[in-house]
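Chain by chain, the residues:
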Amino acid sequence: MTGTYDAVVFDNDGVLVELTEMDVLRRAARAAFEDHGVADPPEPLVEHAANGNLDDLARVEDDLDLALADYWASREDHAVAHQTDAIESGEKPLYDDVTALADLSHRKAVVSNNQHGTVQFIVDHYGLGDHFEHVAGRDPTLAGARRRKPETHYLDAALDELGTRDAVYVGDSPKDVEVAHRAGVDSAFLRRSHRTDTVLDREPTYEVETLTALAERLAD
Ligand SMILES: [Mg+2]
């Protein structure tokens, strides 16, 4: 199989930067409850908020008389702020092998399930802007959350922006392999150390352990 493509599109978390600690997202969830006068939120709701489980989180409407859309907007604001703090304090570092991006002559983009504000901050903070023609995270709204991968909304938009479907999507989760399949592009599964035991239900086009190995596979 040829490794040549017009474009390589990257997931962000677990690919370019390390995953966000769940505690960071729990703190953001609690701060958002506080904004709405809920000082001691039920722990299951904090977990649903931290994990972004909208169907379960919808119980805030009945249990706390809180509009889900209003709570979610606060949750997203705090998630951006808390992750930004974590990045600035070194808790969410860039992976060393991101230097391999320089070896890829392809057009490049980022499509992430994280908030757009978080992803753009990461790209700016780590000086990655020159690599990418298009950077997309989710809108900080319920609609944005519902368009997360494996929905193709943001990947389709990136591919439209790049003007090509001759592309490979690089991610560290089963949903990344799935979204590539749904969008009709190839996939590269990056099996980093946090995915040692991950079982894929769909075969990726490539499986590699590092971005360096990926760059070698995709070299012209
Ligand atoms: Mg990821």
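Residues numbered from 1 in each chain as written. Predicted model: local features only at pLDDT ≥ 70, side-chain atom pairs only at ≥ 80, totals over all residues. Heavy atoms only, no water.

> Got a minute to help me understand the overall build of the protein in this structure?
Looking only at helices and strands, one finds 10 helices and 6 strands in the protein. For a compact globule of 220 residues, the expected C-alpha radius of gyration is about 17 Å, and the protein comes in at 18 Å, within 12% of that figure. Along the first, second and third principal axes, the C-alpha set of the protein runs to 55 × 35 × 35 Å. Burial statistics for the protein: of 220 residues in total, 52% are counted as buried. For the protein, the proportion of contacts with a sequence separation of at least 24, taken over those separated by at least 6, is 65%. Per element, the accessible surface of the protein, about 10,100 Å² overall, is 43% carbon and sulfur. Of the charged side chains in the protein, 21 are positive and 46 negative, and the gap between their average positions amounts to 3 Å. (Helix = DSSP H or I, 4+ residues; strand = E, 2+ residues; numbered from the N terminus. Rg over C-alpha atoms; globule rule 2.2 N^0.38 Å. Buried < 20%, exposed > 50% of the residue type's maximum accessible area, 1.4 Å probe, protein only. Contact = heavy atoms within 4.5 Å. Areas by Shrake-Rupley, 256 points an atom, 1.4 Å probe, with all protein chains shown as cover. Lys, Arg positive; Asp, Glu negative; His and termini not counted. Charge placed at Lys NZ, Arg CZ, Asp CG, Glu CD.)

> Even after reading the chapter, I still don't get the coordination of the magnesium ion, so can you show me in this structure?
Here the magnesium ion is held by the protein donor atoms D11 (OD), D13 (O) and D172 (OD), which lie 2.1 to 2.2 Å from it. One chain supplies every donor to the magnesium ion, and in sequence these donors are spaced D-x1-D-x158-D. In this pair, D11 sits in the loop between β1 (7–10) and α1 (22–35) while D172 sits in the loop between β4 (167–171) and α9 (174–183), placing the two residues 161 residues apart along the sequence. Comparing D11 with D172, the two get one shared label, buried. (Donors = N, O, S within 2.8 Å, 3.2 Å for Na, K, Ca; no water.)

> I tried to follow the domain arrangement of the protein on my own but got confused; where do I start?
Frequently, the measure chosen for interface size is the accessible area removed from exposure when the parts meet. Segmentation of the protein into domains returns domain 1 (7–18 + 92–217) and domain 2 (22–88). Centre-to-centre separation of domain 1 and domain 2, based on C-alpha positions: 25 Å. In this complex, domain 1 contributes 17 residues to the contact, which on the side of domain 2 involves 16 residues. Considering only the side of domain 1, the residues that lose the most area to domain 2 are K92, F121 and L142, jointly responsible for 37% of the buried surface there. Taken together, the links from domain 1 to domain 2 amount to 1 salt bridge. E76 is the salt-bridge partner of R138, the closest N and O atoms lying 2.7 Å from each other. Our count for the contact surface shared by domain 1 and domain 2 stands at 7 residue pairs in polar contact (both at pLDDT 80 or more). Of all the elements in the fold, those that place two or more residues in the side of domain 1 that touches domain 2 are β2 (107–115), α6 (116–125) and α7 (142–146). For the side of domain 1 that touches domain 2, the element with the highest residue contribution is α6, accounting for 5 residues. A class-by-class count of the residues in the side of domain 1 that touches domain 2 yields 6 nonpolar, 6 polar and 5 charged. (Domains from an automatic or database assignment. Buried area = accessible area lost by both parts, 1.4 Å probe. Salt bridge = Lys/Arg side-chain N within 4 Å of Asp/Glu carboxyl O. Polar contact = N/O pair within 3.5 Å; in protein donor to acceptor, adjacent residues only side chain to side chain. Nonpolar A, V, L, I, M, F, W, Y, C, P; charged D, E, K, R; others polar.)

> What should I look at first to understand the pattern of salt bridges in this one?
Applying the stated criterion across every chain yields a total of 18 salt bridges. Between K149 and D176 there is a salt bridge, with its nearest N and O atoms 3.0 Å apart. With K149 in the loop between α7 and α8 (153–162) and D176 in helix α9, the pair connects residues that are 27 residues apart, well separated along the chain. Taking the relative accessible area as the measure of exposure, D176 reaches 2% and is therefore buried. A single salt-bridge network, built from bridges that share partners, covers E151, E178, R182 and R202.

> How should I be thinking about the side chain of E76 in this particular structure?
Mapped onto the elements, E76 comes out in helix α5 (residues 68–88). The class for E76 is buried, based on a relative accessible area of 0%. Among the polar contacts listed, one links the side chain of E76 to the side chain of R75, at a separation of 2.7 Å. Within the structure, E76 has its side chain in polar contact with the side chain of Q115 (distance 2.9 Å). Residue contacts for E76: discarding those within four places in its chain leaves Q115, R138, D139 and P140.

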